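Each chain is listed here by its residues.
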Amino acid sequence: AQRRQYRLLHEGKQSSMSDKRVQKLESIGFQWSLVRQTDDALKWNVMFGELKSFKAKHGHCNVPQRAGKLGSWVDSQQRQYQLLQEGMQSNMSDKRIQKLQSSMSDERIQ
């Protein structure tokens, strides 16, 4: 019922859903979409979590390439971002860029 009312609200139709209710539901982690993350998105989010842990421990996100999976992943993100900047095909989305930039404001992916 919540998802249906939310959809009606966003379609500009009559709905019992209020902005206050949306905020309350989102504050407890309510998912508006039942679509599960793809394996790629799930893996990306896991690696992003590892990057945040690395930064918490080391104070920066300059992960050496030789630092295993995380180093390779960071290098891959930089390559994907560069491809995007050059107008080439990339799997780097705006959402991923925002997440990376919010965590790495003074770091290598810029």
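Before any of the text, the structure's been laid out above.
Described below are features of the structure shown in this document. (Residues numbered from 1 in each chain as written. Predicted model: local features only at pLDDT ≥ 70, side-chain atom pairs only at ≥ 80, totals over all residues. Heavy atoms only, no water.)

## Details of the overall build of the protein chain
The helix and strand inventory of the protein chain stands at 5 helices and 0 strands. If you list the helices and strands of the protein chain from N to C, you get α-α-α-α-α. Relative to its length of 110 residues, the protein chain is extended, with a C-alpha radius of gyration of 18 Å against a globular reference of 13 Å. When its C-alpha atoms are laid out on the principal axes, the protein chain stretches across 55 × 35 × 25 Å. Looking at the protein chain as a whole, 27% of its 110 residues are labelled buried. In the protein chain, 42% of the contacts between residues at least 6 apart in sequence involve partners at least 24 apart. (Helix = DSSP H or I, 4+ residues; strand = E, 2+ residues; numbered from the N terminus. Rg over C-alpha atoms; globule rule 2.2 N^0.38 Å. Buried < 20%, exposed > 50% of the residue type's maximum accessible area, 1.4 Å probe, protein only. Contact = heavy atoms within 4.5 Å.)

## Observations regarding the pattern of salt bridges
When their charged atoms lie close together, side chains carrying opposite charge are able to pair. One pass over the structure, following the stated rule, counts 3 salt bridges. One salt bridge connects K13 with E11, and the closest N-O pair in it is separated by 3.4 Å. (Salt bridge = Lys/Arg side-chain N within 4 Å of Asp/Glu carboxyl O.)

## A look at the environment of S15
On the secondary structure map, S15 appears in the loop between α1 (2-10) and α2 (19-27). A sequence separation of 46 residues divides S15 from C61, and the C-alpha atoms of the two residues are 45 Å apart. Excluding its chain neighbours within four sequence positions, the residues that come into contact with S15 are Q5, L8 and L9. Separated by 2.8 Å, the side chain of S15 and the backbone oxygen of Q5 make a polar contact. (Polar contact = N/O pair within 3.5 Å; in protein donor to acceptor, adjacent residues only side chain to side chain.)

## Some details on the nonpolar core
Membership of the largest hydrophobic core comes to 15 residues, with the highest contact counts inside it found for L51, V63, L70, W73, V74 and L100. Looking at this core, the elements that each hand over two or more residues are α3 (39-58), α4 (68-85) and α5 (94-103). Here the element with the most residues in this core is α3; it accounts for 5 residues. Look past the residues within four positions of L70 in its chain and what remains in contact with it is M47, E50, L51, F54 and V63. With 5 residues, the next largest nonpolar core counts Y6, V22, L25 and W32 among its residues. (Core = buried A, V, L, I, M, F, W, Y, C linked by side-chain atoms within 4.5 Å.)

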